[in-house]
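Fold and geometry: a report
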Amino acid sequence: MDNSLLNIFIIFVSLIGIASAIYVVAQTNVFRAAIALALSFMTVAVVFFAINAEFLGSVQILVYIGAVSVLMAFSVLLVKDLQTASSSTMGIKYILSSVTSLLIFIVLVFVIVGTDWKKTHEISDPMINEILFDKYVIDEENRVITTVSSETDLDEVRDGLINDSIIPIGSMLSSKYFISLQIIGLIIVACVIGSIAVTKNTIENEEEGDAEAI
Amino acid sequence: MTLEIILIFSSALLSIGIFGLLTRKNIVITLMSLELIFNSVVLSVVAFNRYSLSSSVFNEITVDNFFGILSGNILGIFIICVAAGETALALAMVLALGKFKSTVELSDLSEMKN
Amino acid sequence: MFEFIYNILDFLFDLVIKDIKFESYILTGLTGIIIAFAVINGVLGGVLALIWGERRLLGRFQQRTGPNRWGPQGILTSTADAVKVMFKEDIVPEEADRYIFNVAPLLLVIPVFIIFSVIPFGISLYAVDINVSALFILAITSISGLSIICAAWASANRIAIFSALRSVAMLISYEIPVGLSLVGILLICESMSVMDIVIYQKIPFILIQPVAAIVFFLGSLAEINRTPFDLTEAESELAAGYQNDYSGMKWGLFYLGEFAAAIAAATVFSTLFLGGPNGPVLPGIFWLTIKVVGVLFFIIWIRASWPRFRIDQVLNLAWKGLFELTLVNIIVTSISVIIWTDADSNRLIFIGLANWIFAFPFVLLIFKMLKTSNYKNENKKSISYPIGSDNPKFIKEKI
């Protein structure tokens, strides 16, 4: 097979990710669960780097491990009651939810293994496959894309869209999905203002001695 | 084959996240399970974009729609941004809640019952 | 460099053994191990040299000789330090969380070495060439916030938790100006890859984007917890902050991670802003070493001369000072990139002139605005009073 080394690597990384996810869900010590969650995020980022989605992998590390995990750990430190979670006893809720999630997993695995992924979404145009991996040239005046398979000395030959995966992302974000980008900015501003507004009263009600320590 | 392995990983994360969401009483661990579910969704979207692409997405490849080939990554960026913002807001509410109530367990916090 | 070592190994393997089944996999693995070994050992050697160099230089700045006892001129001081640290007793406090206590130094040290895999040391001497290297470097440096919280939590010590909270607040605040200051460079180079940035620098970018260079330098100093931003360790005040309960080799790992982070910050600055391995006569790696040593001298000089900032001064500088400077830089650079497009051959000079004329006065303006005046009695509602001020709470009654 062409990429059997990649498959073995992804299987290995997935096992680590699944193990740390089970640790998150089953652990009573909340802080250790936060660290295991950071490890699970890291394995997902490694899989992103292996699929040639490097921009998304870097964003995953930056946002999830650098900010979200730190936020979870912060909130464990600052709120006293959160620090020990009670372990759930063997009630009816435990059995029902584990059966539900196992059923979801089994059904999904059957669907995934059962479909023939090559036939349903076949890359029927051989030009897409060439553009993804071989060199291509864009001719702006005649509005034509050609693939260059032999070594000619053109100045503008790019190495295949997968190797320079930032170019399609940038050009689509600034032309076709521009409105979505602005709306995401507004959503984040709303989240920031909302979190400041929610925690504002708790800071004003404290004594001055408490705030001096931090 | 690679696509199937990544999709099995993603569905495993999804089912573990659903289990954690339904079972745990602590707020922060519930939020962590929600983050696992978001992660599995992003992973499957990017895997589908990379490994199965049909040309019926573009009727013909012109210069205008040429760069839409990696649009799964863009959807992943949007999901990550929204999930992170929402987590920050939820944790701010947990912080505010911790000052006023004595417990932060989900089963003791239901005020609208009965 | 990858193909070079791969071909050498292939040749050697063909001499000894013919036709193993998974030959290409074995050769790929061996090449990766050799490259990683070389890079990491180079950085560790640099850390040993930096430990000696910093203590000697601090001594000379303070008009005394530094350590000169072990070896000629004290060169073996860092070896003696390492031996001492290795033989100390390894204490784990009783209330500490054992596994997180052990994991925290590793989380600080490992990301620093990952940065060096992306930096070019010469014309074709690099380990990996990703096409989003600048963003990757920024992402990897943001993992160190997690290690500080782990160290503080595992120590179960009130002082450690306070210092860690302040340190993480400082770290997250300074990631934003550091990231945004690179946007000007990305606009000029039209690529996020560090290799492209190095190739594009006929004139070093510190002359073309002075505002971005200042912001990046100060932000990197804050990210590596160095003076004037070292309020977490604060070696004369808090006794070691979040590293309080560590001893033996774990503390040695913290110490090593700090110096390796200083080398990493100096290397990234000299690659992105000073031109990296570009230089006239000598091979590239010599020029990179000279530039890194120069930046490190500057960092140690700052440590010897500036006092320490307070936490509210630090956060004011991040959010009110450096963040606005980056926005000004982005506006000026994007307008000048549109005016002088790729067709001009002297494009860099024009963009640099526009930046110096329009963006640099804002630096002087903001540093004048951010000067804190002496504390007067007018601001009765401010939350933190320094000790020894006129606040009636701190004035003792004279009997």
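The structure under discussion appears in the preceding block.
Remember, it's a predicted structure, so these values are computed and weren't measured experimentally.

**Focus on the pattern of salt bridges**
All names here are of chain C. This model, assessed by the stated rule, comprises five salt bridges over all chains. Notably, a salt bridge pairs Glu-54 with Arg-226, separated by 2.9 Å at the nearest N-O pair. Taken together, the residues span a long stretch of sequence, with Glu-54 in helix 2 (residues 23–61) and Arg-226 in the loop between helix 11 (210–223) and helix 12 (249–272) at a distance of 172 residues. Comparing Glu-54 with Arg-226, the two get one shared label, buried. Asp-81 is the salt-bridge partner of Lys-84, the closest N and O atoms lying 3.7 Å from each other. Note that Lys-84 and Asp-81 are positioned in helix 3 (residues 77–86) at a spacing of three residues, about one turn of the helix. Residue Asp-81 is classed as buried on the basis of its relative accessible area, which comes to 16%. In this structure, a network of salt bridges that share partners links the residues Glu-54, Arg-226 and Arg-303.

**Let's talk about the packing of aromatic side chains**
Going through the model one piece at a time under the given rule, you end up with 18 aromatic pairs over all chains. Where C:Phe217 meets C:Phe298, the ring centres are 5.6 Å apart and the plane angle is 45°; that geometry is what we call tilted. In this pair, C:Phe217 sits in helix 11 while C:Phe298 sits in helix 13 (residues 284–305), placing the two residues 81 residues apart along the sequence. When its relative accessible area of 40% is taken as the criterion, C:Phe298 is described as partly exposed. Between C:Tyr255 and C:Phe259 the ring centres are 5.0 Å apart and the planes differ by 80°, which places this aromatic pair in the edge-to-face class. With C:Tyr255 and C:Phe259 both in helix 12 and four residues apart, the pair spans about one turn of that helix. By relative accessible area, which is 22% here, C:Tyr255 ends up partly exposed. Each member of the aromatic cluster is reached from another via a ring pair, and the members are C:Phe61, C:Phe216, C:Phe217, C:Phe269, C:Phe273, C:Phe297, C:Phe298 and C:Trp301. Above the plane of the ring of B:Tyr51 lies B:Arg50, whose end atom (NZ or CZ) is 4.9 Å from the centre.

**Here we look at empty space enclosed by the protein**
Tallying each qualifying case throughout the model produces five cavities of 30 Å³ or more. Lining the largest cavity are 27 residues, and of these C:Ile115, C:Thr141, C:Glu223, C:Ile224 and C:Ala261 lie nearest its centre. Listed by contribution, the elements that provide at least two residues to the lining of the largest cavity are helix 4 (98–115), helix 5 (133–141), helix 6 (144–155), helix 11 and helix 12 of chain C. Looking at the lining of the largest cavity residue by residue, the class counts come to 19 nonpolar, six polar and two charged. Along the walls of the second largest cavity sit A:Gly66, A:Val70, C:Thr141, C:Ser142, C:Ser144, C:Gly145, C:Val168, C:Leu171, C:Ile172, C:Glu175 and C:Glu223, which together make up its complete lining. Those elements giving two or more residues to the lining of the second largest cavity turn out to be helix 3 (54–78) of chain A together with helix 6 and helix 7 (158–181) of chain C. For the lining of the second largest cavity, the element with the most residues is helix 7 of chain C, which contributes four residues. Classifying every residue of the lining of the second largest cavity by side-chain character gives four nonpolar, five polar and two charged.

What counts and what doesn't
- Residues numbered from 1 in each chain as written.
- Chains lettered and ligands numbered in written order.
- Predicted model: local features only at pLDDT ≥ 70, side-chain atom pairs only at ≥ 80, totals over all residues.
- Heavy atoms only, no water.
- Salt bridge = Lys/Arg side-chain N within 4 Å of Asp/Glu carboxyl O.
- Helix = DSSP H or I, 4+ residues; strand = E, 2+ residues; numbered from the N terminus.
- Buried < 20%, exposed > 50% of the residue type's maximum accessible area, 1.4 Å probe, protein only.
- Phe/Tyr/Trp six-rings, centres within 6.5 Å; stacked < 30°, edge-to-face > 60°.
- Lys NZ or Arg CZ within 6 Å of the ring centre and 35° of its normal.
- 1 Å grid on protein atoms, 1.4 Å probe; cavity = no way out; pocket = protein on both sides within 12 Å on 5 of 7 lines; lining within 4 Å.
- Points joined across faces, edges and corners; volume = space filled by probe spheres on them.
- Nonpolar A, V, L, I, M, F, W, Y, C, P; charged D, E, K, R; others polar.

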